[in-house]
Amino acid sequence: MHDKLRSHNTVDTFPLNGSLSEGIEHHLKKTLGLGLRGVLSIKDAVDQKLYLHIYKSLSLALRDKIMDKWIATNQEYKNKEVKQLFYLSAEYLTGRFLGNNLINLGAMKQVRDTLDSMGVNLNEIEDLEMDAGLGNGGLGRLAACFLDSMATLQLPGHGYGLRYDYGIFRQEILDGFQVEHPDQWLQHGNPWEIQHEEDTVIVKFGGQLHRKNLMQGKKKTEIKGYEPVAAVPFDTPVIGFKNNTVNTLRLWSTSVPDYNKFDIKAFDKGDYEQALKDVLSHEDLTMVSILYPNDNHDPGKRLRLSQQYILVSASIQDIIRSYKKANNSFDGFSQKVAIQINDTHPSLAVTELMRILVDEEGVNWDKAWDITRKTCAYTNHTVLSEALEQWDGHMMKELLPRNFEIIEIINHDFCELVWEQYPGDMERVRRLSILENGKIRMAHLAIVGSHSMNGVAELHTRILKDQVFREFHEMFPKKINCKTNGITPRRWLLKPNPELANLITGKIGEGWITDLQELRKLEKFVDDSEFLNGLLEIKRRNKERLKDYIHKHNPVKNARGEIVERIEVNPDSIFDVQAKRLHEYKRQLMNALYILMLYNELKDNPSKEITPRTFLFAAKSAPGYAQAKGIIKFINILARLINNDPDIRGMIKVVFLENYNVSLAEILIPAADLSEQISTAGLEASGTGNMKLALNGALTIGTMDGANVEMAEQIGEENMFIFGLNADEVKQLKSGYYNPEEICRNHKDIQKIMDQLCSKKLTSIVEEREVLHRIAESLMREDRYLILKDLPLYKETQEKVALLYQDKMAWARKVVFNIAGMGKFSSDRSIQQYSEEIWNLQETPVQ
Ligand code: 26W
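Residues numbered from 1 in each chain as written. Predicted model: local features only at pLDDT ≥ 70, side-chain atom pairs only at ≥ 80, totals over all residues. Heavy atoms only, no water.

Draft legend 1. Local environment of the pairing of strand β23 (residues 613-618). Across the six residues of β23, six count as buried, placing the element largely inside the fold. Both faces of β23 are covered, namely the face carrying R613, F615 and F617 and the face carrying T614, L616 and A618. As defined by bridge partners, strand β22 (residues 574-579) adjoins β23 across six bridges and the pair is classed as parallel. By the bridge assignment, I574 is partnered in β23 with R613. Once you follow β22 into helix α23 (residues 588-604) and on to β23, the crossover reads as right-handed. Bridge count between β23 and strand β24 (residues 652-657): six bridges; the pairing is parallel. Of the residues in β24, the one forming a bridge with T614 is K653. (Buried < 20%, exposed > 50% of the residue type's maximum accessible area, 1.4 Å probe, protein only. Helix = DSSP H or I, 4+ residues; strand = E, 2+ residues; numbered from the N terminus. Pairing = 2+ DSSP bridges. Right-handed = clockwise from strand over helix to strand, strands pointing away.)

Draft legend 2. Structural detail: empty space enclosed by the protein. Enumeration over the complete set of coordinates arrives at eight cavities of 30 Å³ or more. Here the largest cavity is characterised by a volume of approximately 860 Å³. Together, 47 residues line the largest cavity, and N136, G137, G138, L139 and D295 are the ones closest to its centre. If you list the elements that add at least two residues to the lining of the largest cavity, you get α7 (138-152), α25 (662-668) and α26 (689-695). The biggest single contributor to the lining of the largest cavity is α7, with four residues. Approximately 170 Å³ is the volume found for the second largest cavity. (1 Å grid on protein atoms, 1.4 Å probe; cavity = no way out; pocket = protein on both sides within 12 Å on 5 of 7 lines; lining within 4 Å. Points joined across faces, edges and corners; volume = space filled by probe spheres on them.)

Draft legend 3. Representation of the sheet that holds β23. Ordered in space as β24-β23-β22-β25-β26-β27, the six strands form an open sheet in which the pairing is parallel. Among the strands making up the open sheet, the edge pair consists of β24 and β27 (721-722). Lying over the sheet, helix α32 (residues 787-806) contacts β22, β23, β25 (674-677), β26 (699-702) and β27, oriented at roughly 165° with respect to β26. (Contact = heavy atoms within 4.5 Å. Axes fitted to C-alpha atoms, helices over the stretch in contact; angles between N-to-C directions.)

Draft legend 4. How the structure looks around the pattern of salt bridges. Within the structure shown, the criterion is met by 62 salt bridges. Here K629 makes a salt bridge to E180, at a shortest N to O gap of 2.8 Å. Of the two residues, K629 sits in helix α24 (residues 626-643) while E180 sits in strand β6 (residues 177-181), which places them 449 residues apart along the sequence. By relative accessible area, K629 is classed as buried at 17%. Two residues, E222 and K212, come together in a salt bridge whose shortest N-O distance is 3.2 Å. Of this pair, E222 sits in strand β10 (residues 219-224) while K212 sits in strand β9 (residues 208-213), placing them 10 residues apart in sequence. Residue classification places K212 among the partly exposed positions, given a relative accessible area of 43%. (Salt bridge = Lys/Arg side-chain N within 4 Å of Asp/Glu carboxyl O.)

Draft legend 5. Region of interest: the packing of aromatic side chains. Here the structure, examined in full by the defined rule, presents 19 aromatic pairs. Aromatic side chains F86 and Y160 sit 5.7 Å apart centroid to centroid with 40° between the ring planes, which places their arrangement in the tilted category. Of this pair, F86 sits in strand β1 (residues 84-88) while Y160 sits in strand β4 (residues 157-162); the two residues are 74 residues apart in sequence, bridging distant segments of the chain. We classify F86 as buried; its relative accessible area is 9%. Aromatic pair F146 and Y834: ring centres 5.3 Å apart, planes at 65°, arrangement edge-to-face. Note that F146 is positioned in helix α7 and Y834 in helix α34 (residues 827-839), a separation of 688 residues in sequence. Summarising the burial analysis for this pair, F146 and Y834 share the class buried. One aromatic cluster is present, formed by Y87, F146, Y834 and W839 through successive ring pairs. The lysine or arginine in question, K479, covers the ring of F476, its NZ or CZ lying 4.2 Å from the ring centre. Residue placement shows K808 over the ring face of Y805; its charged tip is 3.8 Å from the ring centre. (Phe/Tyr/Trp six-rings, centres within 6.5 Å; stacked < 30°, edge-to-face > 60°. Lys NZ or Arg CZ within 6 Å of the ring centre and 35° of its normal.)

Draft legend 6. Inspection of the site of the ligand at higher detail. Neighbouring residues of the ligand: 22 residues in total, closest L139, H381, N485, E684 and G687. For the ligand, an oxygen atom lies 2.6 Å from a polar atom in the side chain of H381. In the model, an oxygen atom of the ligand is placed 3.0 Å from a nitrogen or oxygen of the S686 main chain. For the ligand, whose unbound accessible area comes to 570 Å², protein coverage reaches 98%. The leading source of residues in the shell around the ligand is α7, at three residues. Of the residues that constitute the shell around the ligand, the class distribution is six nonpolar, 10 polar and six charged. (Near = heavy atom within 4 Å. Polar contact = N/O pair within 3.5 Å; in protein donor to acceptor, adjacent residues only side chain to side chain. Areas by Shrake-Rupley, 256 points an atom, 1.4 Å probe, with all protein chains shown as cover. Nonpolar A, V, L, I, M, F, W, Y, C, P; charged D, E, K, R; others polar.)

Laid out in structure tokens, this is it:
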């Protein structure tokens, strides 16, 4: 029934001319060796139910088809000697490749038809692919959207990252608790990547520094007695939308994994060193690499520092190697190369570029420093202090002696500069210094070593300039700038919501796919009832698809993993979605407290009728983040209580969706009516889920935080549900007087839920009571994120949502304004701005 929801009718542009079947058969028979067991055709593979093999050989056959464009793209960049951008990121949350590549290639329909004619359903094949989950959340997904946009805009831009053996953990919810499993995304191999052993580089750890005297009093620094680690690159094609550009995502691998030795108990407790101990082939340097599952929290671990250095050193060596093939002087380096540092995780790029230029290429220090700053630019993604990376100086000195020394020199020169500009102001020097109290402040290094630092939304950038990095802004008033985040409309509308994509194309043509501002034209149709009904019907079908998914794939499980109950949701209810990493500042807890208040109201007034609502949560918590894990448990306690209470008459339902990842997002987001973007104002740098949900026709309930502010500008505040303190008010309140107990005294309904959390009313299980108690305590003691403060207004606003939902047409009209206002939030626009204002790239079409 749902096939229609997964096929779209943009026109195919990439002729396969029947050669695809030949390609698939070739790979089935020969590459995968199935010829030996009598598989000579696709039909044979179908008969033997070898679907995974069909997935693999289809992907390999498509990769073959892409190869010519990939080669041509590289050639074009080389021949034209264009400037190239290298995006350095510790995370890429790409999700699955097959469907996206088919769309961007313009080959979806042919492949679907080819497979159909052999009795194979493309959707089922797509579902066999494992998600590439090499990221935690927003930052990693942004990197993936940016790659898509660079290729679509025909810009010479590539990604460098790490080929983690384990990506973000697979989450299971057992008895309401989060349980983590290792993500073995490579267990069936990865047909999209190509290993390039010939480009292996050596990354050096530890050792001692030696000075060699050269002529004219010059000195050279060498590292002796270091421990070498080989980094092997794996390349994945990044295909532009219906053009000839194929850029490269190059991920570095250092390992041959041994999954059996992984200590999952230690992993669960947040102890990654211990978890990996037995998997390491070296004493302390990892051979197996794993994504650190922390979002906005700096663990300060040695293993993470070595990962970051492998990424940085291998990438910079690679960049310089290819630069030298075409150039014999470093004078023009910054005119040919741009490096974007995605948060501070790869900020050692600054010192590594200096090290190679000075120590290995013989460039003098001042010139190298000039080149480095002109080449590097840094993006900040967070203002939370616990997320701003600081490395222990001793650790860095031991692991990376020369890079540490270079930091000391850079810092010395920089502090001198501050002192010159602000003579006598020693305190200021201390505040700005890169090294302080034995720690290295990586953001300071990144700012000093770059020509640009950007925030990811206007409000966030303002906070960087006025608060977090105010004195840097004072010194370098042109350096800090804003590049508001965006999302790719290919992955976030065209692919996951083909019916909506078709409806839109039917009204305004398909220009929006590569020029999202075109969506503005939809405003003309706000009074077109056929269009409005179309929107509502499509939403309804997407909700049914999610309903089926939940029934099939998201049952309630007990502690032993046995299925206790299948969940039925009501597609006529409001699908109220909060999907994002679990973090206190994102305030999933405020949402949950509101649910408890609503539940109480229904219990107190047994005949009360409300707009039926399904509260959908999807969130992973960092394994070592106890408070966040407690909130997951709380939501699941609520779900058990409410979903099984006959008094509620099915009017509210709470569902926690297990293992949120890109593929689940592609099902969840098109089905959402309401998008929860309720962070404490000033703390969410941008958010990008807010954009994905609005683009798919969900209305937003949110605070004036991150990119919500700019969404309100584009959509019209009257078409969103904005509530709560703004960033200035939050700042004021935090520096003044705030007493959560007072809120309880003034609001009976809030007092009641606090009492419930502290009593035996919600659960009789001791362990669960402790969880609830800890939550109540955090709220009453400090309420750092001002949840109780914003709760009354949040509740009021939720009541407005419920009322509006009763008027289908009024709701649909707002949906139109939401979709129509999303043009600004295409990552194509973001990338265009990076390119023009930071990187200075040239659009380079491939013939
Ligand atoms: C050192 C540990 C660590 C790990 C990840 C610190 C910080 C991070 C990231 C910065 C967390 C992250 O993903 N931030 C999100 O980035 C998105 C893309 O810019 C923004 O939309 C989100 O608001 C921001 O939280």
